[in-house]
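# Examining the three-dimensional arrangement
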Amino acid sequence: MKILEIAKELAFPRMMGSKGEKDAQIYIFSKLKKMGFKPVVKDFKYYNTLVFIERWVSICSLIFFSAQFLLILLSVFIITLIFSILFITLAIITMILLSNINNFKFGQQFSSKNIIYEKNSVKRKEFNVKMGLIIINANYDSVGRKFHGFRQSSLQKSLLIITGLSFIITLFTSFIGILKLHPNIVLIFRIFAMIGLTVSIFTSIIFFLNKIENSSKGIVDNASGCAVLLNLIQRMHEGKNNLNWMDLQVLFSGAKEIGAWGTNSFLNENSANFSEYKDVFVIDIDKISSKIAIIQNCEFFGKKNLNTRLNKDITHFAIRGGIQVEKLKSKLCYDKNFSPFLRENYRICSFTSNKNALFYKQQNKIEIINQKALTDVSELIYNLILSLDLRIGDKIESGE
């Protein structure tokens, strides 16, 4: 019940740069101080690069689809083909920007904070060596959209699929128009292309209007994750679970919802320190709803697997504890908290929600999460931490 109560207490809009964000920072800091710890607070700068990209992509898409509609209507197929090539170029540039979003500093600059709890291993001082480090992370910020249903709903997916199909049909129509095939065939494809382009124009307008705003209480994403982390810290402290070989850093990161700026800043500040460890493990809580899932791999330009061994350990603990955990085989990860760590090839596992179980409009409802799901994630991470620490001890004792 303690975890659920913390999630409820954090259930207020916490958008970057808002009063709610600062209230969340104070809440987490005061909770850690009340437990008797001295949390480290690190300021960092971030930019609304994602907002900048979204705005210009939607404008360019609207111009492109409108031009394509007019060109198809006038049967100017060569220029239609040229516009299609330009659109592909725009899409590639957008993907490059998104996958390296923290390297591009567009728009207005803001500041936020990371809050960090640190616990060094017992043997670190005795042997003066850094054997292993476990980083556990959850973001405390939340973000809303003007039209909630267009974020993760089936309607949004349908519009994007139609947009993609309309582009393919338009491209194919320009080819058969240039080849001057039978007029009736060209006419049929022109009609389908114009219908698809009409939907694409509508999608571009909605995407432009669907701006980021301070509307979501973020219970699922990610008050639930912060509640689990605070519970884990308290549990390990009260149970006097001192780790022999593993150092522990628990990170409450900010500015995640527009490109994981908090974790990127944390990694940049500490990369030299992390390189001194023999093993670095990252446990990320992306979100927790009524169903638990772990991310298996990410796909953008190419597929990147998250650490197989960690996911196998989680699966093992889940089976032993009678916990249901789904495996998600594909995710776009440019806006995930572990994205900066993934680029550095650290060993990562990430807890998330079933991709079909979460609709954005439900994130404000406490009913979407339950006490058991929160407790189960806490239990899985707790067992994983102890297991990773014991594994190093076993290797040392066996002379490895």
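Since this is a predicted model, take the numbers as computed values, not measurements. (Residues numbered from 1 in each chain as written. Predicted model: local features only at pLDDT ≥ 70, side-chain atom pairs only at ≥ 80, totals over all residues. Heavy atoms only, no water.)

### Regarding the overall build of the chain
Helices and strands together make up the secondary structure of the chain, namely 12 helices and 12 strands. The C-alpha radius of gyration of the chain comes to 24 Å, within 12% of the 21 Å expected for a compact globule of 400 residues. Relative to its full complement of 400 residues, the chain shows a buried share of 51%. A sequence separation of at least 24 residues applies to 87% of the contacts in the chain between residues at least 6 apart. Summed over all atoms, the accessible surface of the chain reaches about 18,900 Å², with 60% contributed by carbon and sulfur. (Helix = DSSP H or I, 4+ residues; strand = E, 2+ residues; numbered from the N terminus. Rg over C-alpha atoms; globule rule 2.2 N^0.38 Å. Buried < 20%, exposed > 50% of the residue type's maximum accessible area, 1.4 Å probe, protein only. Contact = heavy atoms within 4.5 Å. Areas by Shrake-Rupley, 256 points an atom, 1.4 Å probe, with all protein chains shown as cover.)

### Looking at the pattern of salt bridges
This structure, assessed with the given rule, holds 17 salt bridges. Note that Arg235 and Glu379 form a salt bridge whose closest N and O atoms lie 2.9 Å from each other. With Arg235 in helix H8 (residues 219-238) and Glu379 in helix H12 (residues 371-397), this pair connects stretches of sequence that are 144 residues apart. By relative accessible area, Glu379 is classed as partly exposed at 29%. A salt bridge links Lys372 to Asp376; its shortest N-O distance comes to 2.7 Å. With Lys372 and Asp376 both in helix H12 and 4 residues apart, this pair spans about one turn of that helix. The class of Lys372 is exposed, set by a relative accessible area of 51%. What makes Asp376 buried here is its relative accessible area of 12%. One network of salt bridges, with partners in common, ties together Lys256, Glu257, Asp286, Lys287 and Lys336. (Salt bridge = Lys/Arg side-chain N within 4 Å of Asp/Glu carboxyl O.)

### A word on the sheet that holds strand E2 (residues 109-119)
The strand order E1-E2-E6-E3-E7-E12-E8-E11 describes an open sheet built from 8 strands, whose pairing is mixed. Two strands close off the open sheet at either side, each with one partner strand: strand E1 (40-47) and strand E11 (325-328). Mean inter-strand twist for the sheet, computed between neighbouring axes without regard to direction, equals 25°. Relative to E2, E1 runs antiparallel, the two being bridged by 8 bridges. In the sheet register, Tyr47 faces E2, and the bridge partner there is Gln109. Where helix H9 (residues 261-274) meets the sheet, it contacts E1, E2, strand E3 (132-139), strand E6 (246-253) and strand E7 (279-285), and its direction lies at approximately 120° from that of E1. The strands touched by H12 within the sheet are E3, E6, E7, strand E8 (292-295), E11 and strand E12 (347-352), with E7 carrying the most contacts at an inclination of about 180°. (Pairing = 2+ DSSP bridges. Axes fitted to C-alpha atoms, helices over the stretch in contact; angles between N-to-C directions.)

### Describing the environment of Lys123
Take Lys123: it is sitting in helix H5 (residues 122-127). It is 22 Å that separates the C-alpha atoms of Lys123 and Ile381, two residues lying 258 residues apart in sequence. Every residue in contact with Lys123, bar those within four places of it in the chain, is listed here: Asn128, Asn244 and Trp245.

### Focus: a nonpolar patch on the surface
Taken together, the side chains of Ile78, Ile82, Leu86 and Ile178 make up a nonpolar region of the molecular surface, amounting to roughly 370 Å² of accessible area. For the nonpolar patch, the element with the highest residue contribution is helix H4 (residues 77-99), accounting for 3 residues. You can see Leu86 is positioned in helix H4. The exposure class of Leu86 is exposed, given its relative accessible area of 52%. (Patch = residues over 30% accessible without salt bridge, like charges linked within 9 Å, V, L, I, M, F, W, Y side chains within 5 Å.)

### Regarding helix H7 (residues 183-209)
Relative to the 39 Å expected for 27 residues at 1.5 Å per residue, H7 spans 39 Å between its end C-alpha atoms, a close match to the ideal helical length. Listed in full, the buried residues belonging to H7 are Val186, Arg190, Ala193, Met194, Gly196, Leu197, Ser200, Ile201, Thr203, Ser204 and Ile206. (Expected span 1.5 Å × (residues − 1).)

### Quick notes on the packing of aromatic side chains
Two numbers describe a pair of aromatic rings. These are the distance of the centres and the angle of the planes. Inspection of the entire model under this criterion finds 16 aromatic pairs. On the numbers, 6.2 Å between centres and 50° between planes, the contact of Phe44 with Tyr46 is tilted. The exposure classification of Phe44 matches that of Tyr46, with both residues buried. Taken together, Phe64, Phe65, Phe87 and Phe167 form an aromatic cluster joined through their ring pairs. Just above the ring of Tyr382 sits the side chain of Arg235; from NZ or CZ to the centre is 3.7 Å. (Phe/Tyr/Trp six-rings, centres within 6.5 Å; stacked < 30°, edge-to-face > 60°. Lys NZ or Arg CZ within 6 Å of the ring centre and 35° of its normal.)

### So, the confidence of the model for the chain
Summarising the model, the chain shows a mean pLDDT of 85, and 91% of its residues fall at 70 or more. Across residues 357-362, where pLDDT falls below 50, the model places 20 contacts with residues more than four positions away in sequence or in other chains. (pLDDT = per-residue confidence, 0-100.)

### A few points about the packing of helix H1 (residues 2-9) against H8
Running from N to C, H1 and H8 cross one another at 135°; their axes reach a closest spacing of 8 Å. As judged from the angle between their axes, H1 and H8 are oblique. Handedness of the H1/H8 crossing: right-handed. On H8, the residues that touch Lys2, Ile3, Ile6 and Ala7 of H1 are Ala223, Ser224, Ala227, Val228, Leu230, Asn231 and Gln234. Taken together, the residues of the contact of H1 with H8 break down into 7 nonpolar, 3 polar and 1 charged. (Parallel < 35°, antiparallel > 145°, perpendicular 65-115°, else oblique. Left-handed = near helix turned anticlockwise from the far one by under 90°. Nonpolar A, V, L, I, M, F, W, Y, C, P; charged D, E, K, R; others polar.)

### Quick look at the pairing of E2
The sheet contact formed by E2 and E6 spans 5 bridges and is antiparallel. Residue Tyr117 lies in a different strand from E6, and its bridge partner there is Val250.

### Regarding the nonpolar core
Ranked by size, the top nonpolar core spans 61 residues in total, and within it Ile136, Phe252, Ile283, Phe351 and Ile381 carry the most contacts. When residues in this core are grouped by element, the largest group, 11 residues, is from H8. Discounting chain neighbours no more than four positions away, the residues touching Ile283 are Ile134, Ile135, Ile136, Asn137, Cys349, Phe351, Ile381, Leu384 and Ile385. Counting residues in each nonpolar core, the second largest holds 19 residues, with Ile135, Phe266, Leu306 and Phe338 among its members. (Core = buried A, V, L, I, M, F, W, Y, C linked by side-chain atoms within 4.5 Å.)

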